[in-house]
Amino acid sequence: MKTTTGSWNLASLPAEQREQIEAHKAECMERYRAAIELACSIYSQRRDKGNKWRMWAERELAARPELEQEARAKLNRLMKGKGGDGSSSN
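Our subject in this report is the structure included herewith. If you're wondering where the values come from, they're calculated on a predicted model, not measured in any experiment.

1. Focus on the overall build of the protein chain
- When helices and strands are counted, the protein chain shows three helices and zero strands.
- Starting at the N terminus and walking to the C terminus, you meet the elements of the protein chain as α-α-α.
- Taken across its 90 residues, the protein chain has 20% of its residues classed as buried.
- For the protein chain, long-range pairs separated by at least 24 residues make up 46% of all intrachain contacts whose partners lie at least 6 apart in sequence.
- Entry remark: accessible area of the protein chain is about 6900 Å², with carbon and sulfur atoms responsible for 50%.

This is the structure:
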């Protein structure tokens, strides 16, 4: 429901709808954390994989299509030395 001030007040929504919103938010956060973990894992293993690490990284990313876009973005930030995006992971 929209209040007269033009902002959304979740407390005014029915409990079932609030629960759905919270469940969706939790699902999104879990997917985001998994993508960050995948990117950090690839980044940390790149030296162990030698010259073929990029092909290996592409296979790892392709194996998780639901995480690929976010993981690739995080991996690119890590490679540029800008990995600290406020997340508390690696």
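2. Topic: the packing of helix α1 (residues 15–45) against helix α2 (residues 53–62)
- Contact geometry of α1 with α2 gives a least axis separation of 10 Å together with a crossing angle of 165°. The angle between α1 and α2 falls in the class roughly antiparallel. In this structure, the crossing between α1 and α2 has a hand that is right-handed. Contacts between α1 and α2 involve Leu 38, Ser 41, Ile 42 and Gln 45 from the former and Trp 53, Trp 56, Ala 57, Glu 60 and Leu 61 from the latter.
- Grouping the amino acids of the contact of α1 with α2 by side-chain chemistry returns six nonpolar, two polar and one charged.

3. Side note on the packing of aromatic side chains
- Under the definition given, this model contains zero aromatic pairs.
- Over the aromatic face of Tyr 43 sits the side chain of Arg 46, whose NZ or CZ is 3.9 Å from the ring centroid.

4. Concerning the side chain of Arg 46
- Looking at the element boundaries, Arg 46 is found in the loop between α1 and α2.
- Although buried, Arg 46 forms no salt bridge, and the nearest oppositely charged side chain, Asp 48, lies 9.0 Å from it.
- Once you skip the residues sitting within four places of it in the chain, Arg 46 turns out to touch Trp 53 and Met 79.

Definitions and limits used
Residues numbered from 1 in each chain as written. Predicted model: local features only at pLDDT ≥ 70, side-chain atom pairs only at ≥ 80, totals over all residues. Heavy atoms only, no water. Helix = DSSP H or I, 4+ residues; strand = E, 2+ residues; numbered from the N terminus. Buried < 20%, exposed > 50% of the residue type's maximum accessible area, 1.4 Å probe, protein only. Contact = heavy atoms within 4.5 Å. Areas by Shrake-Rupley, 256 points an atom, 1.4 Å probe, with all protein chains shown as cover. Axes fitted to C-alpha atoms, helices over the stretch in contact; angles between N-to-C directions. Parallel < 35°, antiparallel > 145°, perpendicular 65-115°, else oblique. Left-handed = near helix turned anticlockwise from the far one by under 90°. Nonpolar A, V, L, I, M, F, W, Y, C, P; charged D, E, K, R; others polar. Phe/Tyr/Trp six-rings, centres within 6.5 Å; stacked < 30°, edge-to-face > 60°. Lys NZ or Arg CZ within 6 Å of the ring centre and 35° of its normal. Lys, Arg positive; Asp, Glu negative; His and termini not counted. Salt bridge = Lys/Arg side-chain N within 4 Å of Asp/Glu carboxyl O.

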